[in-house]
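Spelled out from the first residue to the last, the chains are:
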Amino acid sequence: MVEVGDRLLGYATDPNVRSKGASGGLVTAVLAAALEKGLVEGVVILKRIDEYEAVPVITDDVQEVLSSGGSMHAVPVNLAKYVVGKKVAMPGKPCDVRGVIEQAKRNSVDLSNTYIVGLNCGGSMHPVLTKEMLIKMYEIDPEDVVGEEIEKGKLIFKTKSGEEKSISIDKLEEEGYGRRESCRYCDVKIPVSADLACGNWGVIGELAGNATFCEVMNEKGKLLLDTAIEAGYVEVRPADEKSISIREKVNSAMLKLGDEWKEKVFDEIPDKDRLKYYIDQFADCIDCGACKEVCPVCSCGPDSKCTMFHSLADNYKMSMYHMVRLLHLSDSCIGCGQCADVCPVDIPVTTIFRRFANPAQKNRNYMPGMDLKRPPFLEVMLK
Amino acid sequence: MAEKEWEPKIVAFCCNWCSYGGADTAGMGRFQQPSSLRIIRVMCSGRIDPMHVFNAFLEGADAVLVTGCHLGDCHYVNGNYKAEVRYQFLEEMVKQLGLEPERLQLNWISASEGEKFANFVRDVTAKIKELGPSPLKPEGVN
Ligand SMILES: Cc1cc2nc3c(=O)[nH]c(=O)nc-3n(C[C@H](O)[C@H](O)[C@H](O)COP(=O)(O)OP(=O)(O)OC[C@H]3O[C@@H](n4cnc5c(N)ncnc54)[C@H](O)[C@@H]3O)c2cc1C
Ligand code: SF4
Ligand code: SF4
Ligand code: SF4
Ligand code: FES
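Report follows, based on the coordinates.

**Focus: the overall build of chain A**
And then number 1: Helix and strand content of chain A: 14 helices and 11 strands.
And then number 2: Compactness check: chain A gives a C-alpha radius of gyration of 21 Å against a globular reference of 21 Å for 383 residues, within 12% of the reference.
And then number 3: With respect to the three principal axes, the spread of C-alpha positions in chain A is 65 × 55 × 35 Å.
And then number 4: A buried classification covers 54% of the 383 residues belonging to chain A.
And then number 5: Contacts in chain A between residues at least 24 apart in sequence constitute 68% of all its contacts with a sequence separation of at least 6.
And then number 6: With 48 positive and 58 negative side-chain charges, chain A shows a spacing of 4 Å between the two charge centroids.

Here it is as structure tokens:
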């Protein structure tokens, strides 16, 4: 039996799951055990199409879950909305997890029915830019890639012919590739609001690469892990001080780097130029609504206040649709980057939304998606 | 013909029980009221959705006033506290947008404070005359 607060190193007992997993297959095995033992009715998995594309599906087939291991760094999809109204277990990067918590605050997800196995996250990449980067910087045909890995600050691609090429992530990002902009300044790297927080930071020595560091965040996390251990799906042992401190150190270093990016990305636009900047940016908007559709913290249905203003026929100086959304998301935007990823006319939607959310959240000392006890502010905080 | 002085458009959201009464009292007391004012009456300041405020700007308002009963006096218990929370978000958003902060104002005015209401509108009007038309005003709207 594990306890809440335990920090463990573990792996899948099945050698195939362990080797297919990103770092020991613990996450896959825990999700599969939850389904097998009836904790949930389905599991959200990413069904892989190729290195750059995967679709989230909910499956009730344990075998399908067992074969879903591995991290897809160039699939920046957000999973939060897939669990609405279902009794499922899901893996989740911090932005997936935070999306689910915000949905729960708006009563569209029932957390007692939703089990979240969190994944540490240093960032994900945009699939289209990744392919472009492979051609330009790696001189590799994207179709030839069979695997990818991050090691010591380098992004490594392996090809069909067994070739390996590595370039430092700093260099890639200087050239505008590498992690998505929102990931560079993302301020949660360990998903502490999930039920379990898993990752490879702090896994060292002979276990490096084939075990997962796992922290039990709450009672549901304990139940998930106990179920997997009892079912014989995973083995765990306590992490030693060295592992724990390495994980902490890497996390702090990543957060510090994130703060530096934040400074760079959000350089002040002078007061007198700001309105024009926003008007110009949104002038290209074609009101497709995709940025709202993918937003993991928005829980409005298809007919919502913002979409009422989808019209290319008004004579407004600025998009009313965006003005409504800018306000509605200033307390709850988690900076996941989805909106910018999907925008067909390449408006830097996320950066713009963060310009409004950063001060609003800072002034209230509030981080959305972290603490269930604090309600969404526009639901009104009355003393 | 002499050029007529530009008259700003000021939209004031007033709650039925207090600030609308204040506007009424101002009228009855014959306090000089600028012709810039457009009042929108709502039952309670808690009904004012920030969306209404933005829409007023996009439709051509040069300033928007959010008004209601004094804190503690709302006829629906705490509607004005709700308005206040929303107002803080609105204020921050206006600042980030780069719209002049003077174009958005909050004031609690009781039904008997006719003079306060009139002075408030006059002061805002004077300020907006200095600032000129709102940069969010659509083409073709005065
Ligand atoms: C984009 C990304 C970046 C990461 N960065 C770090 C990092 O910097 N440091 C660190 O310690 N750990 C990081 N991780 C977590 C790490 O890669 C492993 O997922 C974790 O150690 C668990 O390993 P495992 O073998 O138990 O997982 P597995 O058994 O391989 O299970 C992985 C699970 O993740 C799901 N998954 C795969 N790709 C995605 C995706 N793009 N979005 C959502 N879910 C996905 C799969 O469906 C599967 O359920 C990252 C993961 C991802 C997806
Ligand atoms: S936004 Fe944060 S949590 Fe989400 S993929 Fe990027 S770095 Fe990971
Ligand atoms: S507004 Fe954009 S960045 Fe913010 S939570 Fe929604 S999709 Fe993510
Ligand atoms: S995704 Fe882009 S074009 Fe579509 S509504 Fe959003 S900002 Fe406009
Ligand atoms: S009734 Fe006047 S503010 Fe609520």
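Structure's up, so let's keep going.
**Some points on the overall build of chain B**
And then number 1: A tally of helices and strands in chain B yields four helices and four strands.
And then number 2: Going from N to C terminus, chain B has its helices and strands arranged as β-α-β-α-β-α-β-α.
And then number 3: For 142 residues, the compact-globule estimate of 2.2 N^0.38 gives 14 Å, and chain B sits close to it at 15 Å.
And then number 4: Projected onto its principal axes, the C-alpha coordinates of chain B cover approximately 50 × 40 × 20 Å.
And then number 5: Scored against the burial criterion, the 142 residues of chain B give a buried share of 51%.
And then number 6: In chain B, of all internal contacts separated by at least 6 residues, the share reaching a separation of at least 24 is 82%.
And then number 7: Accessible surface for chain B amounts to roughly 6700 Å². Of this, 50% is attributable to carbon and sulfur atoms.
And then number 8: For chain B, the distance from the average site of its 15 positive side-chain charges to the average site of its 18 negative ones is 4 Å.

**Quick look at the site of ligand 3**
Residue and element names in this part refer to chain A.
And then number 1: Around ligand 3, the structure places 13 residues, and the nearest of them are Cys295, Cys333, Ile334, Cys336 and Cys339.
And then number 2: Counting only elements with at least two residues in the shell around ligand 3, the list comes to helix H13 (338-342) and helix H14 (349-363).
And then number 3: Here the shell around ligand 3 is built from residues that sort into nine nonpolar, four polar and no charged.

**Some words on the interface of chain A and chain B**
And then number 1: In this complex, chain A contributes 30 residues to the contact, which on the side of chain B involves 27 residues.
And then number 2: Looking at the side of chain A facing chain B, the largest losses of area belong to Leu275(A), Lys317(A) and Met323(A), adding up to 23% of the total buried there.
And then number 3: Across the salt bridge formed by Glu92(B) and Arg364(A), the nearest N and O atoms sit 3.1 Å from each other.
And then number 4: Taken together, chain A and chain B are joined by 12 residue pairs in polar contact (both at pLDDT 80 or more).
And then number 5: Elements supplying a minimum of two residues to the side of chain A that touches chain B: helix H10 (271-283), helix H12 (320-330) and H14 of chain A.

**Section: the site of ligand 2**
And then number 1: Around ligand 2, the structure places Lys93(A), Pro94(A), Cys95(A), Cys121(A), Gly123(A), Ser124(A), Arg180(A), Cys183(A), Cys186(A), Lys189(A), Gly335(A) and Cys336(A).
And then number 2: Residue composition of the shell around ligand 2, grouped by class: six nonpolar, three polar and three charged.

**A short note on a nonpolar patch on the surface**
Residue and element names in this part refer to chain B.
And then number 1: A cluster of nonpolar side chains, contributed by Trp17, Met43 and Tyr76, occupies part of the molecular surface with about 320 Å² of accessible area.
And then number 2: Looking at where Trp17 falls in the secondary structure, it is placed in the loop between strand E1 (10-15) and helix H1 (19-28).
And then number 3: A relative accessible area of 39% places Trp17 in the partly exposed class.

Cut-offs applied
The numbering scheme is per chain: residues are counted from 1 as the chain's sequence reads. Here chains are named by letter from A upward and ligands by number from 1 upward, in the order in which they appear as written. The predicted nature of this model means local features are confined to residues of pLDDT at least 70 and side-chain atom pairs, given and counted, to a pLDDT of 80 or more, with totals for whole chains, interfaces and linings taken over all residues. Calculation of side-chain values draws on the structure's entire complement of heavy atoms; hydrogens and water are dropped beforehand. Per the convention used, a helix needs a DSSP run of H or I reaching at least four residues, while a strand needs a run of E reaching at least two, with both numbered from the N terminus. Here the radius of gyration uses the C-alpha set of atoms, whereas the globule reference equals 2.2 Å times the residue count to the power 0.38. Throughout, exposure labels follow a simple rule: accessible area from a 1.4 Å probe, protein chains only, divided by the maximum for the residue type, with under 20% read as buried, over 50% as exposed, and the rest as partly exposed. The contact criterion used throughout is that any non-hydrogen atoms of two residues lie within 4.5 Å. Think of it this way: Lys and Arg go in the positive column, Asp and Glu in the negative one, and His and the chain ends go nowhere. Charged side chains are reduced to one point each, which is NZ for Lys, CZ for Arg, CG for Asp and CD for Glu. For the area figures, the Shrake-Rupley method with a 1.4 Å probe applies, and any residue is considered shielded solely by the protein chains shown. Any residue with a non-hydrogen atom lying within 4 Å of a molecule or strand is treated as near it. Three classes are used: nonpolar for Ala, Val, Leu, Ile, Met, Phe, Trp, Tyr, Cys and Pro, charged for Asp, Glu, Lys and Arg, and polar for all others, with Gly counted as polar. In short, buried area is how much 1.4 Å probe accessible area vanishes from two parts on joining, totalled over both. Salt bridge, as used here, is a side-chain nitrogen of Lys or Arg placed within 4 Å of a carboxyl oxygen of Asp or Glu. Each polar contact in these results corresponds to two N or O atoms within 3.5 Å; when the atoms are within protein, one needs to be able to donate a hydrogen and the other to accept it, and residues that are neighboring in sequence are counted only if both atoms are side-chain atoms. Residues enter patches when their relative accessible area tops 30% and they take part in no salt bridge; the joining distance is 9 Å for like charges and 5 Å for the nonpolar side chains Val, Leu, Ile, Met, Phe, Trp and Tyr.

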